[in-house]
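Structure at a glance
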Amino acid sequence: MSQLNVAVVIKLEPDFSEGSVSYNPDGTLNRAETKNTLGPHSAIAAEAAFYAKVKYGARVSVATMGPPIAELALQTAQRLSNADELHLYSDRVFAGADTLATAETLKAGIKKMQGDIDIVFSGHRASDGETGQTGPQTAWKLGFTFLGNVIDYEVDLDARTIKAKRLISLQGFCDIVEEVEAPLPVFIAVDPSYKPIFNTVSQRLSFAKYRKESEVRSKNHKYYLQVFNVEQLGADKTLVGLPGSPTIVYKVERIPQGKAKRQAEVLDGSNPEHIRKAVSKIREALSAMVIK
Amino acid sequence: MEKYDVAIIGGGSAGLAALKQLANLGKQAILLEAGNKVGSKNVSGGILYSKKPKKGRVFNVEDVFGEIFFQDAPFERKITKYILHATSKDKVFSMDLTAAHEYEANFGYSVLLNKLNGWFAEYASESAQKYGGGIVSGVHVSSISWDGDKTIVTTDELEQFEVKAIIAADGVNSEVADMTGARPKFSPEQLYQGVKVIIKLPEDIINERFSVDSGHGAAHLFAGDVTLNHIGGGFLYTNQNTISLGAVYHFDSLLENPAEPYTLINELLKNPFVSEFIKDEVPKRAEIDKKLPQEDQLRIRFAVTKMIKSWYELRDAALSSHKKNDLMKSGKFVSEKDLQEKLVLIRDQLTSKYKVSFATDYVEAEYSAKLIPDGKRCRMKKPYFKNILFVGDAAGRGIFVGPRIEGLNVGIDDAARAANAISNAIERNNFAPTYLGESYVQSLEQSPYTKDLTEIDKNYLKIFLDASKDVPKDIISSRYGTIMKLMSSGAIRSVAVKFANILGYDRLLPMVESVDTYVKVPIEIAQRLGTTITASYSPTIPSISERIARLSYNDDGQSHIKVLNPTSEFMKKLVVLCPTNCYSLENNLVMLSHEGCIECGTCSQETEWRHPRGEKGINYQYG
């Protein structure tokens, strides 16, 4: 069996979980006050890479472009993926990059990784930008086949091919699962509903082994970390950062929030009257439900 | 299909010891545990012994796990006091049995299995990994089948795989035994039902109250009126900063005279001797003014909860030399004074701002239950089936003779012997029952524990009688007085023990293990010779639903138990005897709601009983 090399491209994003997020008076995100974390879709991509590690003993490299603080996202991703190599592309030159310029930086980085990369994983989209373009554009720049909305995959290491299942939502009609086969290398944008399944003893054993190793590795993440500036990366300065960005966001308009339709009511769990009320509401809701 | 040399089913102390021993011998083995984490379904009294019998040898925990056990294992305390108490109302008569506890023992540690088995798992899996094995948790074995010379294991969660041999370490309610028909289910007269509560108490208070040094502990056993007329008794073991308080009764005795298992624990809690041991300063919340807006009421409730929690944590640390030092090292507090001041501050705030009062009471953390096989009556004579070897509780091997209570060490000894036998079988590539099974049986027969399961040890009996020499024999009105008087003479004792062993446990036990021994005689002794203990408070005992509410479950929508006959007399008694009230009687039919089930197996006799699927069911935090 030959070696499999996979990469994950991730993003440090504002933590939108309750209590972590902070807004400016005008309703825009207060980036200074908001905590940052590994994006939820990036975390799923890291899990998809961990699956390759467990199932095929893949070598995993994780990369991100961002300020030095983005190291935090790399550390979290390493805990999830047991990565062997962490890349941070950090340079003032990279600032102001749109999706295309980001793709250029990531492409340059992926080429710097140890071994020829067979699969690159990315999240479905970022929770702050929400364009979902960086992945496909990076794939295009790398010349890799792009597979989006992947919910499961299987690699044939000898034939160097991959079989993937894609979840396709026919809006409002139904969901279908498409099975595709492609030669490596590929770029996979992992569907948010992806859940790795380990159903053999050997997979469970390596899962346990690598999970334990990843805890140790992520505690010493600096040992695995390489930081690249634009020179070290050898990227074309005209194609990265602001100069490489054909799109510029010049205004963000806030959509006024619609009035909430929900009516929340606070019930006291220690008051039997209130519990009775809750039960009768649940009953009411259940009786209104029509089982198709 | 994947292939492995050995599969061990069940990650209790015995299963983990088997995994470690096989790794010690350089053999590949995988261990399958149904709980989401090793240790999450294990319960024990419990004391873990290491023994040094005069004749023969046993495999002790340190033989299997190595010296690292002493340096690193999270055992609780080394038990250096072992005392038996006879109770009658507020009177207690105590007998020091430390000599019996130390009989042929290297040590006896009090343990909490969730922690300890977690540690065993860590070391065993690390060793097993070297040979391509390890631990797979969250997996429930549903069947084992044979196809020619292939042994195939099927689980609810994973693809089938093939093995050469199996060690069944799946406990008293062994599904492996059941599915293969290796032995019938244990019957009520072969079982004890044990229920236990974990009580929180800071380390320094335990040291002072039980007059032990840090790291040392005490064990107390109880018989008499606390048994509510059942055959069995209570126990109290000190852990590092908790206390294990339990009641263990012959299951047939409970069936004869059904009592809710928790009432037997409550009886112990109410006994002034016990309640004085466990008392502590406990914060009591004040009623929140109902006139306040609801949101304010909630806010107060949360604030008080949070504050009480930090008060407990800090106080626990302040009253424990270990934790205090850890806190200082972490830099959270610069000095002990700093810590004390913070504690006073929280307490002041609780009392002045939130009208919390502090009263004498006790704090219960976890309720648990388990069936215990009485090895004297139920050990499997030939604990194997084809290429499956049974160990520990699954093989019905536990030593319970009067105050002698040993289970974990027996399971570990069995596990090491089973691992040794399988290792030899792998080397000779012979897994036939005539070789593998029989060589395991032979090894077990050589174990001093097997001897203890079959006959009375006259040296142990002497120590026991010496300890009871202060009891004037003539005050015991029953025939015991005469017997005890006679037995104190060495020559007669020797003859009597010989005679008793000729009779055998089968005929002897019904005479010895009786209401007289466990109830009447202790009550009489306590009444006549006991000292009176005055209770300084009456403990607030949680109801069973409160106890269940504190447990943690991973609910399974699908029931792992099926009632076979909802009108049977046995099942009707289960309405009372189920430790978590899972059964109820409706229109004369026994109904089951499995949600609160703690998987003790008390009802397994007349139900289709299996463990929940992988990761489902009870998750004990202490065990």
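Before going further, it helps to examine the overall build of chain A. For chain A, the helix and strand inventory stands at eight helices and eleven strands. Its C-alpha atoms give chain A principal-axis dimensions of about 70 × 50 × 40 Å. Buried positions account for 45% of the 292 residues belonging to chain A. Restricting the contact set of chain A to residue pairs at least 6 apart, pairs at least 24 apart contribute 72%. Accessible area for chain A stands at about 16500 Å²; split by element, carbon and sulfur atoms hold 54% of it. Across chain A, 36 positive and 34 negative side-chain charges occur, with their mean positions spaced 3 Å apart.

This part covers the overall build of chain B. Along the backbone of chain B there are 24 helices and 28 strands. Relative to its length of 623 residues, chain B is compact, with a C-alpha radius of gyration of 25 Å against a globular reference of 25 Å. In terms of overall dimensions, chain B has C-alpha extents of about 75 × 65 × 60 Å along its principal axes. Within chain B, the proportion of its 623 residues that are buried is 57%. Long-range contacts, defined as pairs at least 24 residues apart, comprise 76% of the intrachain contacts of chain B with a sequence gap of at least 6. Just so you have it, chain B exposes about 25600 Å², and 52% of that area is on carbon and sulfur atoms.

Let's shift gears to the sheet that holds strand E10 (residues 186-190) of chain A. All names here are of chain A. Taking strand neighbours across the sheet as the criterion, the nine strands line up as E9-E8-E7-E10-E6-E1-E4-E5-E11 in an open arrangement whose pairing is mixed. Edge positions in the open sheet fall to strand E9 (174-183) and strand E11 (225-228), since each of these has one partner strand only. Adjacent strand axes in the sheet meet at a mean angle of 30 degrees, parallel and antiparallel pairs treated alike. The sheet contact formed by strand E1 (residues 5-9) and strand E6 (residues 119-122) spans four bridges and is parallel. Bridge pairing in E6 places Val8 opposite Phe121. Running at roughly 20 degrees to strand E7 (residues 145-156), helix H1 (residues 40-56) makes contact with E1, strand E4 (59-65), E6, E7 and E10 of the sheet. Along the sheet face, helix H2 (residues 71-81) touches E4, strand E5 (85-89) and E11 and points at about 160 degrees away from the line of E4.

This part is about the packing of aromatic side chains. All names here are of chain B. With the rule as written, the count across this model stands at 32 aromatic pairs over all chains. Seen from their ring centres, Tyr4 and Phe161 are 6.2 Å apart, and the 85 degrees between their planes marks the pair as edge-to-face. A residue pair is termed long-range when its members are at least 10 positions apart, and Tyr4 in strand E1 (residues 2-9) and Phe161 in strand E10 (residues 161-168) qualify at 157 residues. For the residue pair Tyr4 and Phe161, the accessibility class agrees, reading buried in each case.

Residue and element names in this part refer to chain B. Note on placement: Gln446 falls in helix H16 (residues 436-446). Gln446 sits in the exposed class, given a relative accessible area of 57%. As a C-alpha pair, Gln446 and Gly490 span 44 residues in sequence and 27 Å in three-dimensional space.

Our focus in this paragraph is the interface of chain B and chain A. Accessible area lost on assembly of the parts is the figure often given for the size of an interface. Counting from both sides, the interface comprises 23 residues of chain B and, opposite them, 13 residues of chain A. When the two sides are added together, the surface that chain B and chain A hide from each other amounts to roughly 1500 Å², 53% of it contributed by carbon and sulfur. At the surface where chain B touches chain A, the tally comes to three salt bridges. For Arg301(B), the salt bridge is made with Asp268(A), and the minimal N-O distance between the two is 3.1 Å. At the surface where chain B touches chain A, the tally comes to nine residue pairs in polar contact (both at pLDDT 80 or more). Only E1, helix H5 (113-129), strand E7 (134-137) and helix H11 (294-318) of chain B provide two or more residues apiece to the side of chain B that touches chain A. Among the residues forming the side of chain B that touches chain A, the class breakdown is eight nonpolar, eight polar and seven charged.

Residue and element names in this part refer to chain A. On the surface, Glu154, Asp156, Asp158 and Glu181 cluster together to form a negatively charged patch. Along the chain, the position of Glu154 falls in strand E7. Accessibility expressed as a relative area gives 49% for Glu154, which makes it partly exposed.

Further remarks concern the domain arrangement of chain B. All names here are of chain B. Here chain B is partitioned into domain 1 (2-74 + 111-183 + 380-454), domain 2 (77-109 + 187-279 + 362-373 + 524-539), domain 3 (285-358), domain 4 (458-523) and domain 5 (551-619). Computed from C-alpha coordinates alone, the two centres of domain 1 and domain 5 are separated by 27 Å. Counting residues at the interface gives 14 residues for domain 1 and 15 residues for domain 5. Together domain 1 and domain 5 conceal approximately 1100 Å² of surface at their shared face, both sides included; 42% is due to carbon and sulfur atoms. Taken as a group, Lys41, Asn173 and Glu175 account for 45% of the area that domain 1 buries against domain 5, more than any other trio of residues on that side. Across the domain 1-domain 5 interface, the total number found is two salt bridges. Asp156 is paired through a salt bridge with Arg610; the nearest N and O atoms lie 2.7 Å apart.

Further remarks concern a nonpolar patch on the surface. On the surface, Leu170(A), Phe173(A) and Ile176(A) cluster together to form a nonpolar patch covering roughly 310 Å² of accessible area. Inspection of the secondary structure puts Phe173(A) in the loop between strand E8 (161-170) and E9.

In this structure the tally under the stated criterion is 54 salt bridges over all chains. Between Glu608(B) and Lys562(B) there is a salt bridge; the shortest N-O distance is 3.8 Å. Of this pair, Glu608(B) sits in strand E27 (residues 607-609) while Lys562(B) sits in strand E24 (residues 561-563), and the two are 46 residues apart along the sequence. Three or more residues are tied together by salt bridges with common partners; here these are Lys53(A), Asp84(A), Glu213(A) and Arg217(A).

Okay, the confidence of the model for chain A next. Taken as a whole, chain A shows an average pLDDT of 89; of its residues, 97% reach a score of 70 or greater. In the model of chain A, helix H8 (residues 272-288) of chain A stands out as the element of lowest mean pLDDT, 86, in contrast to E1(A), which has the highest, 97.

To continue, consider the pairing of strand E3 (residues 47-51) of chain B. Residues and elements named next belong to chain B. Judged by how many residues are buried, E3 sits mostly within the fold: five of five residues are covered. The alternating pattern of E3 places Ile47, Tyr49 and Lys51 on one face and Leu48 and Ser50 on the opposite face, and all of these are buried. Where E3 meets strand E6 (residues 105-110), five bridges bridge the pair, whose relative direction is antiparallel. Following the sheet pairing, Tyr49 is matched in E6 by Gly108.

With that settled, the discussion passes to the nonpolar core. All names here are of chain B. In terms of nonpolar packing, the biggest core is built from 58 residues, with Ile199, Phe210, Leu236, Ile243, Leu245, Ile278 and Tyr583 touching the most fellow members. Here this core spans two domains, since at least three of its residues come from each of domain 2 (77-109 + 187-279 + 362-373 + 524-539) and domain 5 (551-619). Setting aside residues no more than four positions away along its own chain, Ile243 makes contact with Val197, Ile198, Ile199, Leu201, Ile206, Phe210, Leu236, Tyr237, Thr238, Phe277 and Ile278. Judged by nonpolar contacts, the second largest core, of 51 residues, contains Phe120, Ala165, Ala419 and Leu436.

So, on to the packing of H11(B) against helix H13 (residues 336-354) of chain B. What describes two packed helices is the angle between their axes and the distance between those same axes. Residue and element names in this part refer to chain B. Look at H11 against H13: their axes get within 10 Å of each other, and the N-to-C directions meet at 150 degrees. Taken as axis vectors, H11 and H13 run roughly antiparallel relative to one another. Relative to H13, H11 is oriented so that their crossing is left-handed. Note on element contacts: H13 touches H11 through Leu339, Gln340, Lys342, Leu343, Ile346, Arg347, Gln349, Leu350 and Tyr354, opposite Ile300, Ala303, Val304, Met307, Ile308, Ser310, Trp311, Leu314, Arg315 and Ala318.

Residues spaced three or four apart along an α-helix point in a common direction, a consequence of the helix completing one turn every 3.6 residues. All names here are of chain B. Among all positions in H16, only Leu436, Gly437, Tyr440, Val441, Ser443 and Leu444 are buried. Mapping the buried residues of H16 onto a view down its axis gives an arc of 160 degrees, with all of them on the same face. Opposite its buried face, H16 presents the exposed residues Gln442 and Gln446, each directed more than 90 degrees away. Buried-residue contacts for H16 involve E10, strand E18 (384-385), strand E19 (388-390), helix H15 (408-428) and helix H17 (448-454).

What counts and what doesn't
Residues numbered from 1 in each chain as written. Chains lettered and ligands numbered in written order. Predicted model: local features only at pLDDT ≥ 70, side-chain atom pairs only at ≥ 80, totals over all residues. Heavy atoms only, no water. Helix = DSSP H or I, 4+ residues; strand = E, 2+ residues; numbered from the N terminus. Buried < 20%, exposed > 50% of the residue type's maximum accessible area, 1.4 Å probe, protein only. Contact = heavy atoms within 4.5 Å. Areas by Shrake-Rupley, 256 points an atom, 1.4 Å probe, with all protein chains shown as cover. Lys, Arg positive; Asp, Glu negative; His and termini not counted. Charge placed at Lys NZ, Arg CZ, Asp CG, Glu CD. Rg over C-alpha atoms; globule rule 2.2 N^0.38 Å. Pairing = 2+ DSSP bridges. Axes fitted to C-alpha atoms, helices over the stretch in contact; angles between N-to-C directions. Phe/Tyr/Trp six-rings, centres within 6.5 Å; stacked < 30°, edge-to-face > 60°. Buried area = accessible area lost by both parts, 1.4 Å probe. Salt bridge = Lys/Arg side-chain N within 4 Å of Asp/Glu carboxyl O. Polar contact = N/O pair within 3.5 Å; in protein donor to acceptor, adjacent residues only side chain to side chain. Nonpolar A, V, L, I, M, F, W, Y, C, P; charged D, E, K, R; others polar. Patch = residues over 30% accessible without salt bridge, like charges linked within 9 Å, V, L, I, M, F, W, Y side chains within 5 Å. Domains from an automatic or database assignment. pLDDT = per-residue confidence, 0-100. Core = buried A, V, L, I, M, F, W, Y, C linked by side-chain atoms within 4.5 Å. Parallel < 35°, antiparallel > 145°, perpendicular 65-115°, else oblique. Left-handed = near helix turned anticlockwise from the far one by under 90°. Arc of directions from axis to C-beta.

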